[in-house]
Number of protein chains: 2
Amino acid sequence: MTIQQIKNFLELANELHFWKTAEKVFISQSTLSRQIRSLEDEMGIQLFERDKRNVKLTDAGKFLKEHWSATINELDQIHRQAKKIDEGMSGFVSISYPGSITFRFLPRFLETLNANLPDLKVELTEPTDENHEKLLSDYRTDIAFSRDKISNASIDSLKLFSEPICLVVPYNHWLNKKSLRDFNELQDEKFIISGLHQKTFFASLLRNFFNKHGFEPKTIIESDFGGMILNLVSKEIGISILPLSFKLAKVPNVRFVELDEEIDLYINWRKNEPNKTIKKVIEYVKLVKK
Amino acid sequence: MTIQQIKNFLELANELHFWKTAEKVFISQSTLSRQIRSLEDEMGIQLFERDKRNVKLTDAGKFLKEHWSATINELDQIHRQAKKIDEGMSGFVSISYPGSITFRFLPRFLETLNANLPDLKVELTEPTDENHEKLLSDYRTDIAFSRDKISNASIDSLKLFSEPICLVVPYNHWLNKKSLRDFNELQDEKFIISGLHQKTFFASLLRNFFNKHGFEPKTIIESDFGGMILNLVSKEIGISILPLSFKLAKVPNVRFVELDEEIDLYINWRKNEPNKTIKKVIEYVKLVKK
DNA sequence: ATAGTATAATGCAGAAAACGCATTAATTAT
DNA sequence: ATAATTAATGCGTTTTCTGCATTATACTAT
């Protein structure tokens, strides 16, 4: 039993005329006649009462006309949707990201995605565990934004942009770009930063930074959550170091002082990803970049 | 695109193994491989990602597995129902009947129908216009019960049973079978009967009856509705003549006095009726008969 | 009644498709 | 390296499908 056969049946059920119907569906009258016959045989159900002159639906035929018609419409709908998925116009991606891009890059990116792939469903996760390689290869995420460059034979990466890291201080704090001549002046400041023993990339970046400048910060609160850190700085509990992106959070009573140190953002995905949706999303990220 | 192809796809989508699936659906592995391929080509959608070793569903494939599965189940359901209709196990009949069979024959008949064809829908009409032939040929009714024999080349009839007609009197009325020696004794009785000028069969039967016995009844109320007549008799407003069947209405304070006159019940239907449901219903009526 | 017309079914022969066997090619396991 | 697994493919055969031409039948007009 062919979908086309059913469609032809529906056409005939409307026309009730073999010749006209055959013409309409671009087959010969004999073919149509035999198609309907074979449909009837296969189902073991008489669909039409026909003498040499008239064609009319049986009760079963009426019933099937109604229900098949509905089902065929459903099917067409389903096939259109499947086509969309196949073409990556719709579907599902799981994205993991560092908190710092919450305020500028990520919303822009999601906006672009939504404009171009309105049927796409996105799952966002802000992983505490930063093992991007494993997240990707275990299919727990499809696209991983990361601050560190990942070198792995089965992962493709692309650097999207760099941005300065900044000292984050309360508005009236003595410190500004010009006043800061020597980092040793920060000796007595109370820092609110990620625990330096952490294995996250940002922690190791901080570790390097303080090493380079030869002093150890006085850490009074440890936190990995930028939003939390900003609020503590705003309440003048201490100062911190964060990527410039956090400025966009627009927390009041906070100033960002750019340092001569940059941090990168990479996008990572499984090499040879066959999923068209994911590939398409990766293409769009290139449009947004910085 | 074949229904079978879709079913095979669904099987493969579960098994994710060509050889096992092919065995399960009783075709060769090569055929299955090509069927899936042709499905993919026809839809223009990749359903499986497969290398020489592994088979897995694409996103579009997952989507179609889910939705096709639902649709195929619906279709199977629809086909079962259509089969029922085709076999006359289900469907629709319109039945017209004279009020007199409301109390005994019709409920029995409907009970039998319901027991044997539980999915059958029945429309009952008690026509005031008694033109059964026209009702049938205009498809306003499928089965017409009638009191008169219908002679019409395109209508088949069957006599189901005969029953006496009765004088219907209040309980304490002087009249009974033995006391009634001569119909002229009814000269002074007040009758509640169908207008004798009416063209209904029962009216003409009454006309004949009174002619035969050579007197004209004193009619105080004209009515064609047995139920109404019975209630009026019960209130001792007059007496009437009705088929014995009305006794089953069990209206209180009413006695039936059988006369030596019978009335028939016929069932009528369109000759060569192709509708299996109707034909089946006609068969069942024969089981109930009397 | 009779001839004419409309229309679904059917015989036939050629075209296309489907099928299974055997084989190939690629991958994994030992 | 070798064997085993497994999806794809070439090929010949069988089956099915298709359209043309024709037939059979019922309705229409005269």
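Shown above is the structure to which this text applies.
About the criteria used
- Residues numbered from 1 in each chain as written.
- Chains lettered and ligands numbered in written order.
- Predicted model: local features only at pLDDT ≥ 70, side-chain atom pairs only at ≥ 80, totals over all residues.
- Heavy atoms only, no water.
- Core = buried A, V, L, I, M, F, W, Y, C linked by side-chain atoms within 4.5 Å.
- Buried < 20%, exposed > 50% of the residue type's maximum accessible area, 1.4 Å probe, protein only.
- Contact = heavy atoms within 4.5 Å.
- Near = heavy atom within 4 Å.
- Polar contact = N/O pair within 3.5 Å; in protein donor to acceptor, adjacent residues only side chain to side chain.
- Helix = DSSP H or I, 4+ residues; strand = E, 2+ residues; numbered from the N terminus.
- Least-squares fit on C-alpha atoms with pLDDT ≥ 70 in both.
- Pairing = 2+ DSSP bridges.
- Axes fitted to C-alpha atoms, helices over the stretch in contact; angles between N-to-C directions.
- Expected span 1.5 Å × (residues − 1).

Q: What exactly am I supposed to notice about the nonpolar core here?
A: Counting residues in hydrophobic clusters, the biggest one holds 54 residues, and the most contacted among them are F9 and W68 of chain A together with F9 and W68 of chain B. Those residues in contact with F9 of chain B that lie beyond four places of it in its chain are I36, L39, L47, F48, L57, G61, L64, K65 and W68 of chain B.

Q: Explain the protein's contact with DNA strand D here, please?
A: Neighbouring residues of DNA strand D: 21 residues in total, closest T31 and R34 of chain A together with S33, R50 and R53 of chain B. Take the atoms of DNA strand D that sit within 4 Å of the protein: sugar and phosphate atoms are 60% of them. Between a base nitrogen of DNA strand D and a side-chain N or O atom of S30 of chain A, the distance comes to 3.0 Å. Residue S33 of chain B places a side-chain N or O atom 2.8 Å away from a phosphate oxygen belonging to DNA strand D. Only helix 3 (29-43) of chain A together with helix 2 (18-24) and helix 3 (29-43) of chain B provide two or more residues apiece to the surface near DNA strand D. Among the elements that make up the surface near DNA strand D, the one with the highest residue count is helix 3 of chain B (5 residues).

Q: So what exactly am I meant to see when it comes to the protein's contact with DNA strand C here?
A: By nearness alone, 21 residues border DNA strand C, and S30, S33 and R50 of chain A together with T31 and R34 of chain B come closest of all. Sugar and phosphate atoms represent 67% of those atoms of DNA strand C found within 4 Å of the protein. Measuring from a phosphate oxygen of DNA strand C, one finds a side-chain N or O atom of S33 of chain A at 2.7 Å. A distance of 3.0 Å separates a base oxygen of DNA strand C from a polar side-chain atom of R34 of chain A. For the surface near DNA strand C, the secondary-structure elements that each account for two or more residues are helix 2 (18-24) and helix 3 of chain A together with helix 3 of chain B. By residue number, the principal contributor to the surface near DNA strand C is helix 3 of chain A, which donates 5 residues.

Q: What is the right way to read the relation of the copies chain A and chain B from this model?
A: Two copies of one chain are present, and they are related through a rotation about an axis combined with an axial shift. Structural alignment of chain A on chain B gives an RMSD of 0.2 Å, achieved by rotating through 180 degrees and translating 0.0 Å along the axis. The operation mapping one copy onto its partner corresponds to a two-fold rotation axis. Judged by C-alpha distance, T2 of chain A is the residue of chain A that lies nearest the rotation axis, at 2.1 Å. A shared binding surface is used by both copies, with 100% of the interface residues of chain A retained as interface residues in chain B.

Q: In this structure, what is going on with the sheet that holds strand 9 (residues 240-243) of chain A? I would like to understand it.
A: Working definition: the strands of a sheet are paired by backbone hydrogen bonds and lie parallel or antiparallel to each other. All names here are of chain A. Read from one edge of the open sheet, 6 strands run 4-3-5-10-6-9, paired in mixed fashion. A single partner strand is all that each edge strand has here, and the edge strands are strand 4 (119-125) and strand 9. Here the average twist between neighbouring strands, direction ignored, is 25 degrees. Relative to strand 5 (residues 143-146), strand 3 (residues 90-96) runs parallel, the two being bridged by 2 bridges. Bridge pairing in strand 5 links S96 to A144.

Q: Would you take a moment to explain helix 4 (residues 59-86) of chain B for this structure?
A: Since the α-helix turns once every 3.6 residues, residues separated by three or four places project in the same direction. An ideal rise of 1.5 Å per residue puts 40 Å on 28 residues; helix 4 of chain B measures up with 40 Å between its terminal C-alpha atoms. One or two residues past the end of helix 4 of chain B sits G88 of chain B, with phi positive at roughly 75 degrees.

Don't take any of this as a statement about function, it's just geometry.
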